[in-house]
Amino acid sequence: MPGVECLEWFVPPLPQLVTVGYTVWKPGMRHFSRNFGLYDVILVRSGCIFMAENGREYEVRAGHILTLEPGKTHVGYRESEEDTELFWIHIKHESARSRIPVEQIPWSLVLRKGTDSDPDPAMRPMYMPKFGYLGLDAAWPVLEEMMRLHDSLSVGSVLKLQAEFARLLAGLQESVGRANPESPSSRLASAVAAYLRRFERAPFGAEMLEREFHYNPDYISRC
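Described below are features of the structure shown in this document. (Residues numbered from 1 in each chain as written. Predicted model: local features only at pLDDT ≥ 70, side-chain atom pairs only at ≥ 80, totals over all residues. Heavy atoms only, no water.)

### Considering the pairing of strand 5 (residues 56-61)
Two strands pair when backbone bridges link them, and strand 4 (residues 48-53) and strand 5 are joined in this way by 6 bridges, in the antiparallel orientation. Directly across from Cys 48, in strand 5, lies its bridge partner Arg 61. Taken together, strand 4 and the strand that follows it, strand 5, pair antiparallel across an intervening segment of 2 residues, in which Asn 54 is found at a positive phi of about 50 degrees. (Pairing = 2+ DSSP bridges. Helix = DSSP H or I, 4+ residues; strand = E, 2+ residues; numbered from the N terminus.)

Have a look at this one:
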């Protein structure tokens, strides 16, 4: 997925599911123009839908995801040419703080754990694919279950729907990570991060990393 960007969100609070839907666009159909305050996530299972956001055009084909952002005008810029099966989700969340290419996402970044002396939860990043091919094979069963729960929503299924939504977000982020080949420096960073977590309560010296990984501490730090 080289060149694809992700939206950097921060949690908590978790993104809020507003609604989820499923449809099949017929040839000749085109999305109407809209600008509203929610994220509109489109996941295409088959066919192709042609969407533009603030004038930038996207061909969203089978296995692709497109996250349209709040406050931006999105519209179908071309009619569908074939039956197009897709799911869509409306999400409420704060505006993305930045966009970041998937190859620059700091997957190995060690985050501080919460403690019993913290008055508030720490803000931590998550990454939502903006546009690109992810295959989405693992997403379809989750989306189908979300539709089932949404269509027969009851007090007993509210938390189940939210849990499936969280599962979907986690799966999308994992798909982004798998789609981006890990560089040698990233592999080293992951190994060092795991080592530091394992010995986080032990006395630390940079020479320990040098002995363990056989690299200069300056190089390890850059990685």
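### Regarding the pairing of strand 4
Here strand 4 lies mainly inside the structure; 6 of its 6 residues are buried. Of the two faces of strand 4, the one carrying Cys 48, Phe 50 and Ala 52 and the one carrying Ile 49, Met 51 and Glu 53 are both buried. Pairing analysis gives 3 bridges linking strand 4 to strand 7 (residues 74-76), with the strands arranged antiparallel. Residue Ala 52 lies in a different strand from strand 7, and its bridge partner there is Val 75. (Buried < 20%, exposed > 50% of the residue type's maximum accessible area, 1.4 Å probe, protein only.)

### A word on the pattern of salt bridges
A complete count under the given rule lists 15 salt bridges for this structure. Residue Glu 69 pairs with Arg 99 through a salt bridge whose shortest N-O separation is 2.6 Å. Of this pair, Glu 69 sits in the loop between strand 6 (64-68) and strand 7 while Arg 99 sits in strand 9 (residues 98-101), and the two are 30 residues apart along the sequence. For Glu 69, a relative accessible area of 9% corresponds to the buried category. Connected through shared salt-bridge partners, Glu 5, Glu 53, Glu 69, Lys 72, Arg 99 and Lys 130 make up one network. (Salt bridge = Lys/Arg side-chain N within 4 Å of Asp/Glu carboxyl O.)

Honestly, that's just the spatial picture; any functional story needs more than this.
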